Amino acid sequence: MAAMGSAGSTTGRAEQAEQAEQAAAELAGRGIDAVALGWVDNAGITRVKAVPVAQLPHAARHGVGAAPCFDTFLSDDAMAPGTGPVGDLRLVPDLSALVPLAAQPGWAWAPVDRVTQDGDPHPGCQRTFTRRAADALAARGLRMRAGIEVEWVVDSPPDGAAYGMDRLIAHSDYLRDVLRALAEQRLAVLQIHPEYAPGQFEVSVAPAGPVEAADATVLVRQTVRAVSVRHGLRASFAPMVTAGAVGNGGHLHLSLWREGRNLAGGGQGRYGLTPQAEAFLAGVLAELPGLLVLGAPSPASHLRLVPGRWSGPYQCWGLENREAALRLITGSASEQANAEIKCFDGAANPYLVIGGVLAAGLAGLDGGLRLPPEVPGDPAAAPGTERLPHGLAAAVSAYQASTVLRAALGPELYAAILAVRRAEAEKFAGRDEEAVVEATRWRY
Ligand code: GLU
Ligand code: MG
């Protein structure tokens, strides 16, 4: 059952409370003591409040209090100017996503929707934003399936080569425990491997609907973190862990579906795209400069977004082109076709990323947009290929110019994100690369 939409209604909440009674009894029977109620803030940090299992029904019915000023928290826990200490919001757990945490014995986790004290959706709730965007797509008879690849770096890098078997051998118990924990939490892993940078790994899980995919990203990150702690390791999902090295991406894979058919493949357009999939992707490509504010939110994000590191720093698309921000993947069968947006990273709030991409895609669909010509080789060598905005301040200008994002986010969420990005841009202005990396490395 979903807290969705029902969060505000008394009947919905009473039903939730009844379900929570059952869930609490079940959890207690499995030796679970507490439930972490998590959300991701506009800086991309996962924040949490927790309740003992016996309090879960109360939390489901009334929510748990959290200050509205969390909307303007920065990655270093300072607050953007303009927010005060007054007011309260309620964190309402979504019991449909409640899951015991395999690497934190005695704990379960549920993502929350944030509602006002009157029970209305909080206009600044990022998870509600994603759901609203998914509903808008559903109203056109379409669904999006999405998945975010999670890359991370551990603090005691095993020696060995990029993608090297030696690295996998050195950390095989650790990676096995990551796999086991994810499987126990009902997350279907597609792939896991040592990545390019020293100490870097990547895991991807099966695609899901927009809200579920964002929930899964949060759960994967915190599971990796928890398994790391149990192995005496520290995990960083920060866009840059070592100045000048390859960073941690958070590539978003997506496909568009109508009545069980994947519209990214089997069509008459280029590489089998259907007109709807092309229009959706053209909308995303057009909005990428502003979308960087959602998907590459940190000053450190812009240290990652440089040519030659497969982070997709160019505003172009290409079949299997890993330097293009939008990489089209045909796969070996048309059901597998999808697009990968590479310019997003591990500091991003996955709800904002997926909701923002949905909004951009919808604008493309509504405008019947077409993709520009493909960039088939290295964009650096393709004359006229635009770089994405470089630097947080430039991305913020693009965000401010985007009427699509402004309308989709709504005034409150739009303004909160703007305040956070401006404050972070100001805070880090003039600091050298090393200082930015140092300040953000262990925040994500
Ligand atoms: N680590 C790269 C990034 O920052 C991506 C490498 C890859 O293509 O998986 O996006
Ligand atoms: Mg990768």
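Here's a quick rundown of the structure. (Residues numbered from 1 in each chain as written. Chains lettered and ligands numbered in written order. Predicted model: local features only at pLDDT ≥ 70, side-chain atom pairs only at ≥ 80, totals over all residues. Heavy atoms only, no water.)

### A look at the site of ligand 1
Part 1: The full set close to ligand 1 counts 13 residues, and Glu151, Gly247, His251, Arg304 and Lys342 are the nearest of them.
Part 2: Within the contact set of ligand 1, an oxygen atom lies 2.6 Å away from a side-chain nitrogen or oxygen of Arg304.
Part 3: Within the backbone of Trp310, a nitrogen or oxygen atom sits 3.4 Å from an oxygen atom of ligand 1.
Part 4: Compared with its free state, where it exposes 290 Å², ligand 1 has 93% of that area covered by protein.
Part 5: Here ligand 1 is seated within the largest pocket.
Part 6: Considering only residue class, the shell around ligand 1 consists of 2 nonpolar, 5 polar and 6 charged. (Near = heavy atom within 4 Å. Polar contact = N/O pair within 3.5 Å; in protein donor to acceptor, adjacent residues only side chain to side chain. Areas by Shrake-Rupley, 256 points an atom, 1.4 Å probe, with all protein chains shown as cover. 1 Å grid on protein atoms, 1.4 Å probe; cavity = no way out; pocket = protein on both sides within 12 Å on 5 of 7 lines; lining within 4 Å. Sits in = over half its atoms within 2 Å of the grid points. Nonpolar A, V, L, I, M, F, W, Y, C, P; charged D, E, K, R; others polar.)

### Concerning the sheet that holds strand 10 (residues 200-205)
Part 1: Judged by pairing direction, the sheet is antiparallel, and its 4 strands sit side by side in the order 9-10-8-11 without closing on themselves. With one partner strand each, in any of the chains shown, strand 9 (189-194) and strand 11 (235-236) form the two edges of the open sheet.
Part 2: Against the sheet, helix 5 (residues 172-184) contacts strand 8 (150-154), strand 9 and strand 10, and its axis sits at roughly 160 degrees relative to strand 9.
Part 3: Each of strand 8, strand 10 and strand 11 is contacted by helix 6 (residues 210-230), which is oriented at about 20 degrees to strand 8, the strand it contacts most. (Pairing = 2+ DSSP bridges. Helix = DSSP H or I, 4+ residues; strand = E, 2+ residues; numbered from the N terminus. Contact = heavy atoms within 4.5 Å. Axes fitted to C-alpha atoms, helices over the stretch in contact; angles between N-to-C directions.)

### Considering the coordination of the magnesium ion (ligand 2)
Part 1: For the magnesium ion (ligand 2), the full set of protein donor atoms is Glu151 (OE), Glu195 (OE) and Glu202 (OE), and the range of their distances to it is 1.9 to 2.2 Å.
Part 2: In primary-sequence terms, the residues that donate to the magnesium ion (ligand 2) follow E-x43-E-x6-E. A residue pair is termed long-range when its members are at least 10 positions apart, and Glu151 in strand 8 and Glu202 in strand 10 qualify at 51 residues.
Part 3: A relative accessible area of 7% means that Glu151 is categorised as buried. (Donors = N, O, S within 2.8 Å, 3.2 Å for Na, K, Ca; no water. Buried < 20%, exposed > 50% of the residue type's maximum accessible area, 1.4 Å probe, protein only.)

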